[in-house]
Each structure stands twice: as structure tokens, then as C-alpha cells.
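Chain and residue survey
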Amino acid sequence: MKKHLFLAGLMVILFFGACKNPNPPLTDAQIAVIEKQVLDQSEKMNVSVEKADADGYNAFLSSNNFLSMISQGTPFFSRDEYAMAVKDWFSQRKSVELSQKTVKVNVLTENLVLLNQSAIFQASFKDDRIFMIHHTVSFLFQKEESGWKIIHGHESWETM
């Protein structure tokens, strides 16, 4: 019995000793580079939003790995469905002004980043309506061959 316990204990030690982290922790320098890349991508996206450029904005969505987008409680489970909604929404706008932006980037792995942004969003519409909202969005970015792309997002807003 003691021999079996000894062998079982030895096997456990060997098993856990053989386990290695396939993804070693990122260095501070690596994290800083990834944060800058995603922040740059986010700024380019914001320019597309401000110009009501739906095609420009949709270019930031993953074509291969898109999972979903939840927009004010409405789920979009395909990239095409969400991209069409964006085109519809943006087609009604003249422009958008984003102000008081707060952005937080969390590097999860070398290929996944969570970006959270809060901003005041003032939209001018083609029918001369203007509305102002407090807008909050979270995006999960994945690094792809063509750069950092959104694979999932969630946004909500409150009228001011």
C-alpha cells in the first residue's frame, strides 16, 4: 500500500513538474507596445465614428473571428449583420463629436486585448437633430495578420 501511495505521489509530482506555461508572462515593454498599437487602432476607429464613415469603422471588425456585438441590448451574432446596422446608423448622421474620452486598455495575452472607453458622444443628424449621450463601449481585440481587429464588443449609452 505504501508503495502504491509513493508511486501515485511520484506520478503527481512528475505530472505537475512537466506542466509548463505555454505562454510566458509578457514583459512590461511588450505590454507597452501592444497597448500603443491598440490605442492607435482605437483612435483611428474614433475618427471613422466622428466622420460617420461606416466602411472605415467596419474595417476594424474581424472578418475571420468575429463573435458578436451587443449594442444597447441588441445582439448581433454575425459580422455582416452588425456591419449593415452600422451602415444604417451612420447613414443618418452628418458627424459625431467625441469628448471627455476615458480609455483603459488591458492586455490579456500577446494576441488578445480588452479596451474600455467612455465618452460624451454628440451626434448631428442629416435631418438637423442633435443628441448628446454618455457612451460606453468595451471591445475585445484579437491580433490578426492585418492588425488588431474587433472580435467582440458591448456598448451602451444614456441620453444626457
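Remember, predicted model here, so these are calculated numbers, not experimental data. (Residues numbered from 1 in each chain as written. Predicted model: local features only at pLDDT ≥ 70, side-chain atom pairs only at ≥ 80, totals over all residues. Heavy atoms only, no water.)

So, about the sheet that holds strand 1 (residues 68-71). Sheets are built from strands paired through backbone hydrogen bonds, the pairs being either parallel or antiparallel. On the basis of which strands lie adjacent, the open sheet formed by six strands has the order 2-1-6-5-4-3 and mixed pairing. Each edge of the sheet is formed by a strand with only one pairing partner; in this case those strands are strand 2 (74-76) and strand 3 (93-109). On average, each strand axis in the sheet is tilted by 20° relative to the strand beside it, whichever way the strands run. Looking at chain direction, strand 3 and strand 4 (residues 112-125) are connected through 13 bridges and run antiparallel. (Pairing = 2+ DSSP bridges. Helix = DSSP H or I, 4+ residues; strand = E, 2+ residues; numbered from the N terminus. Axes fitted to C-alpha atoms, helices over the stretch in contact; angles between N-to-C directions.)

Here we come to the pairing of strand 1. Across the two faces of strand 1 the burial is the same, with Ser 68 and Ile 70 and Met 69 and Ser 71 all buried. Here strand 1 pairs with strand 6 (residues 147-159) via four bridges, running parallel. Its bridge partner being in strand 6, Met 69 is matched across the sheet by Gly 153. Linking strand 1 back to strand 2 in an antiparallel pair, the connection comprises two residues, with Gln 72 at a positive phi of about 50°. (Buried < 20%, exposed > 50% of the residue type's maximum accessible area, 1.4 Å probe, protein only.)

Moving on: helix 4 (residues 79-91). Between the first and last C-alpha of helix 4 there are 18 Å, a value that for 13 residues agrees with the 18 Å anticipated at 1.5 Å per step. Regarding helix 4, the residues found buried are Arg 79, Tyr 82, Ala 83, Ala 85, Val 86 and Phe 90. An end-on view of helix 4 places all buried positions within 160° of arc, on one side of the element. Exposed and facing more than 90 degrees away from the buried side of helix 4 are Asp 80 and Met 84. Packing partners of the buried residues in helix 4 comprise helix 2 (28-50), helix 3 (54-58), strand 1, strand 2, strand 3 and strand 6. (Expected span 1.5 Å × (residues − 1). Arc of directions from axis to C-beta. Contact = heavy atoms within 4.5 Å.)

All right, on to the packing of aromatic side chains then. Evaluated as defined, the whole model comprises eight aromatic pairs. With centroids separated by 6.4 Å and ring planes inclined at 65°, the aromatic side chains of Tyr 57 and Tyr 82 adopt a geometry described as edge-to-face. Of this pair, Tyr 57 sits in helix 3 while Tyr 82 is found in helix 4, placing the two residues 25 residues apart along the sequence. Both residues of the pair, Tyr 57 and Tyr 82, count as buried. On the basis of an interplanar angle of 55° and a centroid distance of 5.7 Å, the ring pair of Tyr 57 and Phe 90 is categorised as tilted. Here Tyr 57 is found in helix 3, whereas its partner Phe 90 is found in helix 4, with 33 residues between them in sequence. Each member of the pair, Tyr 57 as well as Phe 90, is classed as buried. Among the aromatic residues, those joined into a ring-pair cluster are Tyr 57, Phe 66, Phe 76, Tyr 82, Trp 89 and Phe 90. (Phe/Tyr/Trp six-rings, centres within 6.5 Å; stacked < 30°, edge-to-face > 60°.)

Function cannot be inferred from these measures alone, as they are strictly geometric.
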